Amino acid sequence: MRIVAGLAVVAMLVAGTSTAQADTLDYVALGDSAAAGPLIPNQDPALWCLRSDRDYPQVAAKILGARLTDVTCSGAKTDDFAGRQFGFVAPQYDALKSTTDLVSLTIGANDIGLFQTALSCINLLPEPVGVSCHDRYNAGGTDQLAQAVEAWAPEFGAALDEIKRRSPNAKLLVTGYGTYIRPGGCYPRQPVWGRDGDYLQSVMNKISATAKAEAAKRGATFVDFAAVTVGHDICAAAADRYLEGLIPTTIAAPLHPNAAGMKAFGTAVAKATDLVGPAA
């Protein structure tokens, strides 16, 4: 009888564990360096993706008590979801399962080449000494970067469709990018002329607006990182920054979120699931 009773207790414990595992939110995070957190300690041993254990997916997963599969990777473009980034990193889509409950996604800046564009906007001397990147990318009356964002839109929409196909029951959270630089900039503290800073932010805003529009077409939820970072941009005091400037003031990559920014983003993502209260 003792053996039978003991087996019954074990069976109850196993059943309870299985139920708890089944109730755990299965969360997959996709995206680029704005999600991965390059250089923020501690970095994943797979150093080629420059992914932090304090990136926003990690923050959100802890708030939600979720089981996280984080395949965000610095440098990722939309086609790296289906292909092998750097020739050997597994396609990010491979992390998606039919049982996935939640997916977050940040992508687009690398498709447009925005980081390289930002570096080309640096001017160490005030106008008129130097070349305006706004003028360069709008030569002939055509905004080259705006055109690039418009060309990217259907590719991004197709990516959302593929995510829904692979994980049909998952809640999909699409994020935008932050407010990196305030109107008019803060030259020379950040060595980008005011009008060039405004131009760069307008391109970032266009990527975010495009992501939001494509998400809305498919019933996905948009998480507005631009609103989260107002007053915490690269012109803010070092202690208030969520986004680092050309010379970081904390351990983080230039022109990327720092640990404080990732905490704010992760909190916003967790709240967007509607699974946590307003105090989280």
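The following paragraphs examine the structure supplied in this document. (Residues numbered from 1 in each chain as written. Predicted model: local features only at pLDDT ≥ 70, side-chain atom pairs only at ≥ 80, totals over all residues. Heavy atoms only, no water.)

1. Topic: the pattern of salt bridges
Link 1 in the chain: Throughout the structure, instances matching the rule amount to 10 salt bridges.
Link 2 in the chain: Measuring nitrogen to oxygen at the nearest pair gives 2.6 Å for the salt bridge that ties Arg218 to Asp161. Here Asp161 lies in helix 7 (residues 144–166) and Arg218 lies in the loop between helix 8 (194–217) and strand 5 (221–223), a separation of 57 residues in the sequence.
Link 3 in the chain: By relative accessible area, which is 27% here, Arg218 ends up partly exposed.
Link 4 in the chain: When its relative accessible area of 41% is taken as the criterion, Asp161 is described as partly exposed.
Link 5 in the chain: Glu162 serves as the salt-bridge partner of Arg166, at 2.7 Å between the closest nitrogen and oxygen. With Arg166 and Glu162 both in helix 7 and four residues apart, this pair spans about one turn of that helix.
Link 6 in the chain: Using a relative accessible area of 18% as the deciding quantity, one classes Glu162 as buried.
Link 7 in the chain: Here the residues in one salt-bridge network are Asp161, Glu214, Lys217 and Arg218, joined through shared partners. (Salt bridge = Lys/Arg side-chain N within 4 Å of Asp/Glu carboxyl O. Helix = DSSP H or I, 4+ residues; strand = E, 2+ residues; numbered from the N terminus. Buried < 20%, exposed > 50% of the residue type's maximum accessible area, 1.4 Å probe, protein only.)

2. A word on the side chain of His256
Link 1 in the chain: Its location among the elements puts His256 in the loop between helix 9 (225–228) and helix 10 (259–272).
Link 2 in the chain: With residues near it in sequence (within four places) discarded, His256 still touches Ser33, Ala34, Pro38, Phe115, Tyr180, Tyr242, Leu243 and Glu244. (Contact = heavy atoms within 4.5 Å.)

3. Observations concerning the state of the cysteines
Link 1 in the chain: With the rule as written, the count across this model stands at three disulfides.
Link 2 in the chain: With its sulfur 1.9 Å from that of its partner, Cys121 forms a disulfide with Cys133. A torsion of 100° about the S-S bond marks the disulfide between Cys121 and Cys133 as right-handed. Of this pair, Cys121 sits in the loop between helix 5 (114–120) and helix 6 (133–137) while Cys133 sits in helix 6, and the two are 12 residues apart along the sequence. Here Cys121 and Cys133 have matching classes, each one buried.
Link 3 in the chain: The disulfide partner of Cys186 is Cys235, and the gap between their sulfur atoms is 2.1 Å. (Disulfide = S-S within 2.5 Å.)

4. Side note on the packing of aromatic side chains
Link 1 in the chain: With the rule as written, the count across this model stands at six aromatic pairs.
Link 2 in the chain: When the centroid spacing of 5.7 Å and the interplanar angle of 55° are considered together, the rings of Phe81 and Tyr93 count as tilted. Of this pair, Phe81 sits in the loop between strand 2 (67–70) and strand 3 (102–106) while Tyr93 is found in the loop between strand 2 and strand 3, placing the two residues 12 residues apart along the sequence. Each of the two residues, Phe81 as well as Tyr93, counts as buried.
Link 3 in the chain: Between the aromatic rings of Phe225 and Phe265, the centroid separation amounts to 4.0 Å while the plane-to-plane angle is 5°, which identifies the pairing as stacked. (Phe/Tyr/Trp six-rings, centres within 6.5 Å; stacked < 30°, edge-to-face > 60°.)

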